[in-house]
Amino acid sequence: LRRGMGFGREQGLYLPSDNMLFVALGAYVGRDNLKARVGHMSTPRLAAVSLAGFSALAVWSYFGVREAELARPAAAALGGSAAICAAVVLERKKWPGFLEHWGRRSLEIYLAHVIFLSAVRILLHRYLNFEIGFVHLALGVAAGIYGSIALYYACARIHLLYLFSLKKRAATSATAGRSSTGSATSPRG
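Residues numbered from 1 in each chain as written. Predicted model: local features only at pLDDT ≥ 70, side-chain atom pairs only at ≥ 80, totals over all residues. Heavy atoms only, no water.

Caption draft 1: Structural detail: the overall build of the protein chain. Within the protein chain one finds 8 helices and 2 strands. Listing each helix as α and each strand as β along the protein chain from the N terminus yields β-β-α-α-α-α-α-α-α-α. Burial statistics for the protein chain: of 189 residues in total, 17% are counted as buried. Restricting the contact set of the protein chain to residue pairs at least 6 apart, pairs at least 24 apart contribute 55%. Accessible surface, the protein chain: about 14300 Å² in total, of which carbon and sulfur atoms supply 67%. (Helix = DSSP H or I, 4+ residues; strand = E, 2+ residues; numbered from the N terminus. Buried < 20%, exposed > 50% of the residue type's maximum accessible area, 1.4 Å probe, protein only. Contact = heavy atoms within 4.5 Å. Areas by Shrake-Rupley, 256 points an atom, 1.4 Å probe, with all protein chains shown as cover.)

Caption draft 2: Geometry of a nonpolar patch on the surface. A contiguous nonpolar surface patch, about 750 Å² in accessible area, is contributed by I122, L123, Y127, L128, F130, I132 and F134. It is helix α6 (residues 106–127) that contributes the most residues to the nonpolar patch, 3 residues altogether. Here L123 shows up in helix α6. Overall, L123 belongs to the partly exposed group, its relative accessible area being 43%. (Patch = residues over 30% accessible without salt bridge, like charges linked within 9 Å, V, L, I, M, F, W, Y side chains within 5 Å. Salt bridge = Lys/Arg side-chain N within 4 Å of Asp/Glu carboxyl O.)

Caption draft 3: A look at α6. The end-to-end C-alpha distance of α6 is 30 Å, a good match for the 32 Å that 22 residues give at a rise of 1.5 Å each. Among all positions of α6, only E108, I109, A112, V120 and L124 are buried. Each element contacted by the buried residues of α6 is listed here: α5 (97–104) and α7 (133–157). Positioned one or two residues after α6, N129 has a phi angle of 50°, which is positive. (Expected span 1.5 Å × (residues − 1).)

Caption draft 4: View of the nonpolar core. In this structure, V38, M41, L46, C85, V88 and V89 together form the largest nonpolar core, which totals 6 residues. The greatest single-element share of this core, amounting to 3 residues, is contributed by helix α4 (residues 71–92). Once you skip the residues sitting within four places of it in the chain, L46 turns out to touch V38, M41, C85, V88, V89 and R92. (Core = buried A, V, L, I, M, F, W, Y, C linked by side-chain atoms within 4.5 Å.)

Caption draft 5: Structural detail: the environment of I84. Position of I84 relative to the elements: it lies in helix α4. A C-alpha to C-alpha distance of 7.9 Å links I84 and S50, two positions 34 residues apart in sequence.

Caption draft 6: Main features of the packing of aromatic side chains. Counting across every chain of the model gives 4 aromatic pairs. Summarising the aromatic geometry, the rings of F98 and W102 are spaced 5.0 Å apart at their centres and angled 75° between planes, so their arrangement reads as edge-to-face. Of this pair, F98 and W102 both sit in helix α5, 4 residues apart, which is roughly one turn of the helix. Look at F98 and you get partly exposed, because its relative accessible area is 42%. Owing to a relative accessible area of 22%, W102 belongs among the partly exposed residues under this scheme. Grouping aromatic residues by their ring pairs yields a cluster made of F98, W102 and Y146. Taking the ring centre of Y152 as reference, the NZ or CZ of R105 above it sits at 4.1 Å. (Phe/Tyr/Trp six-rings, centres within 6.5 Å; stacked < 30°, edge-to-face > 60°. Lys NZ or Arg CZ within 6 Å of the ring centre and 35° of its normal.)

Encoded structure:
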């Protein structure tokens, strides 16, 4: 009997205990600056490793090898290596300017993306009768990211930025009346 929650036909969500070994290995391998270790490789070589890793994962996924328990560590290592190499290539080529902007606006994207993603999905599915999953995914993600950023700038124009802030609460009256020694002070001084 497999442990985990079913996700359609696939077993998509595994229990955390199933992956503890991989988390521990990742923490051990990543304890040093991994970026510095791959930084000496040439950019074309890094790009080739990244492309090969993502391609192998796609083929692996297509043929259902991900179901084999012994394949999971190899797939995790392959995907992690491909992602790290891709990140170093993007940084060297100065391509991630848009990623930096997304990072600065990540709270806004997190808070509002579902509104725009859902709107695109409803529009494509219900009104346009469009059923290609990749198009739903690509357009939904783009609308979620850029719609959230546009909403942030619209809120900034009308001075509603507090909708996207994590401001600290003001001190309550009970704690505001305390002196530095911790005793309550008289309101009259």
